[in-house]
Amino acid sequence: MRLFIAVNFDQEMKESLIDAIGRLRAVSSKGNFTRAANLHLTLAFIGETDRIDDISAVMTDAAAQTPAFDISLGEQGHFRRGSGDIRWVGIGEGASELSELSSRLTSGLIAVGFDVDRRFTPHITLGREVSAPRRADTAPQPAKSRVDKVSLMRSDRVNGALKYTEIFSAPLI
Ligand code: 2AM
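Scoring rules and cut-offs
- Residues numbered from 1 in each chain as written.
- Predicted model: local features only at pLDDT ≥ 70, side-chain atom pairs only at ≥ 80, totals over all residues.
- Heavy atoms only, no water.
- Salt bridge = Lys/Arg side-chain N within 4 Å of Asp/Glu carboxyl O.
- Buried < 20%, exposed > 50% of the residue type's maximum accessible area, 1.4 Å probe, protein only.
- Helix = DSSP H or I, 4+ residues; strand = E, 2+ residues; numbered from the N terminus.
- Near = heavy atom within 4 Å.
- Polar contact = N/O pair within 3.5 Å; in protein donor to acceptor, adjacent residues only side chain to side chain.
- Areas by Shrake-Rupley, 256 points an atom, 1.4 Å probe, with all protein chains shown as cover.
- Nonpolar A, V, L, I, M, F, W, Y, C, P; charged D, E, K, R; others polar.
- Contact = heavy atoms within 4.5 Å.
- Phe/Tyr/Trp six-rings, centres within 6.5 Å; stacked < 30°, edge-to-face > 60°.
- Lys NZ or Arg CZ within 6 Å of the ring centre and 35° of its normal.
- Pairing = 2+ DSSP bridges.
- Axes fitted to C-alpha atoms, helices over the stretch in contact; angles between N-to-C directions.
- Core = buried A, V, L, I, M, F, W, Y, C linked by side-chain atoms within 4.5 Å.

A. Main features of the pattern of salt bridges. This model, assessed by the stated rule, comprises nine salt bridges. The partner of R51 in a salt bridge is D54, with the nearest N and O atoms 2.8 Å apart. Residue classification places R51 among the partly exposed residues on the basis of a relative accessible area of 29%. A relative accessible area of 33% means that D54 is categorised as partly exposed. With its nearest N and O atoms 3.2 Å apart, the salt bridge here joins R104 to E100. Here R104 and its partner E100 are both found in helix α3 (residues 95-111), four residues apart, which amounts to about one turn of the helix.

Right, dumping it as structure tokens:
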């Protein structure tokens, strides 16, 4: 299974992101845009494994040390790729709490033998392989979301489309 640990969003934040994706799509000559159901923020990317119990234990432990907090949407940004940009939205409020939570998770995963990247750039991907003016104003409307759990997500390709399914979650305190 291809797995990652993520934060999912409240409806208000999802709607703001869906609106921003619509505006980005409108100014793009090409792009593979995130479907509404797939909007998320990755805290730790694990990759192919079937060690669900070990991951769940790490998540439970990290979550039990982390008070719930709010996040808000931040600046828009991009990662340059040969096939077109990854366009994303960053985090304003709550960015340091997210980093701390990501760090707890990655440290725990590394301690039980997973080869995960410690680097963390909190971002919400709006689209991949996007060709659009980088300065186009596709900033989302301000929105907040409560982070009160972490989710273990499984990524599948179904008929060519990415589908993410929550297979475990651990509540923050
Ligand atoms: P992305 O949105 O920037 O592509 C599921 O694929 C999630 O895991 C996405 O949030 C994706 O980030 C992230 N992801 C995929 N491969 C990754 C990798 N090698 N390192 C870090 N994150 C990765």
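What follows continues from the structure just given.
B. Broad picture of the site of the ligand. Around the ligand sit R2, F4, H40, T42, F45, H123, T125, R128 and Y164, and that is every residue in its neighbourhood. H40 is positioned such that a nitrogen or oxygen atom in its side chain is 2.6 Å from an oxygen atom of the ligand. A distance of 2.7 Å separates an oxygen atom of the ligand from a polar side-chain atom of R128. When the ligand is considered free in solution it has 480 Å² of accessible area, and contact with the protein chains removes 67% of it. When contributions to the shell around the ligand are tallied by element, the ones reaching two or more residues are β1 (2-7), β3 (41-48) and β6 (124-131). Within the shell around the ligand, the residues separate by chemical class into three nonpolar, four polar and two charged.

C. Spotlight on the environment of R134. With respect to the helices and strands, the residue R134 is situated in the loop between β6 and β7 (144-147). Under the relative-accessibility criterion, R134 is labelled partly exposed at 40%. Beyond its immediate chain neighbours, meaning those up to four positions away, R134 contacts H78, R80, D85 and R87. Of the polar contacts made by the side chain of R134, one reaches the side chain of D85; its length is 2.6 Å.

D. Molecular detail of the packing of aromatic side chains. According to the stated counting rule, one finds two aromatic pairs in the structure shown. Note on F4 and Y164: the rings are 5.0 Å apart at their centroids and 80° apart in plane angle, and the pair reads as edge-to-face. Of the two residues, F4 is situated in strand β1 and Y164 in strand β9 (residues 161-171); the sequence distance between them amounts to 160 residues. Under the relative-accessibility criterion, Y164 is labelled buried at 16%. Between F79 and W88, the aromatic rings sit 5.3 Å apart at their centres with planes inclined by 45°, giving tilted as the arrangement. When its relative accessible area of 13% is taken as the criterion, W88 is described as buried. Cation over ring: R51 sits above F114, and NZ or CZ is 4.2 Å from the ring centre.

E. Up close: the sheet that holds β3. An order of β3-β1-β8-β9 is seen for the four strands of this open sheet, with the pairing classed as antiparallel. Where the open sheet ends on each side, the last strands, each with one partner, are β3 and β9. Looking at each pair of strands side by side, their axes are set apart by 25° on average, direction ignored. Contacting β1, β3, β8 (149-158) and β9, helix α2 (residues 52-63) runs over the sheet at an angle of about 55° to β9.

F. A look at the nonpolar core. Counting 42 residues, the largest nonpolar core has I5, L43 and V150 as its most contacted members. What L43 contacts, discounting residues up to four positions off in sequence, is I5, A6, V7, L98, L101, S102, L105, T106, F120 and V150.

G. Representation of the sheet that holds strand β4 (residues 69-79). Within the open sheet, the five strands sit side by side as β2-β6-β5-β4-β7. Their pairing is antiparallel. Edge positions in the sheet fall to β2 (30-33) and β7, since each of these pairs with one other strand and no more. If you compare each strand with its neighbour and ignore which way they point, the axes differ by 35° on average. Here four bridges tie strand β5 (residues 85-91) to β6, and the two strands are oriented antiparallel to one another. Each bridged residue has a counterpart across the sheet, and for W88 the counterpart in β6 is T125. The strands touched by helix α1 (residues 11-26) are β2, β4, β5, β6 and β7; relative to β6, the strand with the most contacts, the crossing angle is about 10°. Across the sheet, α3 is in contact with β4 and β5; its angle to β4 comes to roughly 90°.

That's the geometry; what it means functionally is another story.
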